[in-house]
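# Residue-level structural notes
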Amino acid sequence: MTEFVSEIKTIPYNEDRVYAMLSDLSNLERVKDRIPQDKIKDFEFDSDSCSFAVDPVGKITFQIVEREPNKTIKFTTTNSPVPLFLWIQLKQVQEADTRLKMTIRADLNPFIKPMVSKPLQDALDKISTVIASLPY
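Computed from a predicted model, the values in this text were never measured in an experiment. In this numbering scheme, every chain counts its residues from 1 along its sequence in written order. Local features are withheld for residues below a pLDDT of 70 in this predicted model, meaning they are given only at 70 or higher, and side-chain atom pairs are given and counted only at 80 or more; totals for whole chains, interfaces and linings count all residues. Heavy atoms from the whole structure form the basis of all side-chain values; hydrogens and water molecules are not counted.

This part takes up the nonpolar core. Grouped together as the largest cluster of nonpolar side chains are 31 residues, with contacts concentrated most on Leu22, Phe62, Phe75, Ile88, Leu100 and Tyr136. We count a stretch as a helix when DSSP gives it H or I for four or more residues in a row; a strand needs E for two or more, and each element gets its number in order from the N terminus. Counting only elements with at least two residues in this core, the list comes to α1 (15-22), β4 (49-54), β5 (58-68), β6 (72-79), β7 (84-94), β8 (97-106) and α2 (113-132). Here, residues are in contact when the closest pair of their heavy atoms is within 4.5 Å. Leave out the neighbours within four places in its chain, and phenylalanine 75 touches Leu25, Phe62, Gln63, Ile64, Val65, Leu84, Phe85, Leu86 and Ile88. In this text, buried Ala, Val, Leu, Ile, Met, Phe, Trp, Tyr and Cys residues form a nonpolar core when linked through side-chain atoms within 4.5 Å. Here's how the labels work: a residue is buried when its accessible area is under 20% of the maximum for its type, exposed when over 50%, partly exposed in between, all with a 1.4 Å probe on protein chains only.

With that settled, consider the side chain of serine 6. If you trace the backbone, serine 6 turns up in the loop between β1 (2-5) and β2 (9-11). Exposure remark for serine 6: the relative accessible area of 6% places this residue in the buried category. Apart from the residues within four sequence positions on either side, serine 6 is in contact with Lys101, Met102, Gln121, Leu124, Asp125 and Ser128.

Trans peptide bonds make up most of the peptide bonds, and negative phi angles are found at most residues other than glycine. One non-glycine residue, aspartate 42, adopts positive backbone phi at about 50 degrees. Among the secondary structure elements, aspartate 42 is positioned in strand β3 (residues 40-45). A relative accessible area of 55% means that aspartate 42 is categorised as exposed. Unlike most non-glycine residues, asparagine 70 shows phi in positive territory, near 65 degrees. By the element assignment, asparagine 70 lies in the loop between β5 and β6.

A helix's residues, less one, multiplied by 1.5 Å, set its expected span. The end-to-end C-alpha distance of α2 is 28 Å, a good match for the 28 Å that 20 residues give at a rise of 1.5 Å each. The inward-facing, buried residues of α2 contact β1, β2, α1, β7 and β8.

Okay, structure coming up:
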């Protein structure tokens with residue numbers, strides 16, 4: 001497994017609010033308009049999963065597989081050309097100061113690893129930045 005880790009982001013809200021929003025994917029309705037339509041298509045979600053199409057990869061589905069209240073949300077892909085595992089980790093430092101770190105583990109074969117490592121890291125960094133800037 002190859003691991004990609006985001007920078008630690010600061011979210012100016014308490015972990016209860018942050019966790020409540022991130023652990024229920026139906027809350028994506030509130031930020032749907034921020035998703036770049038030219039890059040992500042066919043965006044669908046419910047409380048436990050989200051799926052979208054990305055050219056040239058195709059449709060990808062993420063499913064929440066574990067929730068640890070106010071601390072961790074774990075995802076796996078159920079439809080992806082490369083098996084991925086994603087963790088969102090939260091840690092409250094002060095009342096209105098929660099830190100966020102995201103980790104992706106991917107089962108990359110040696111042939112594909114050089115081609116997808118940088119795009120995966122870039123995507124993880126962009127996603128963590130967007131998540132940190134959401135209106136909780």
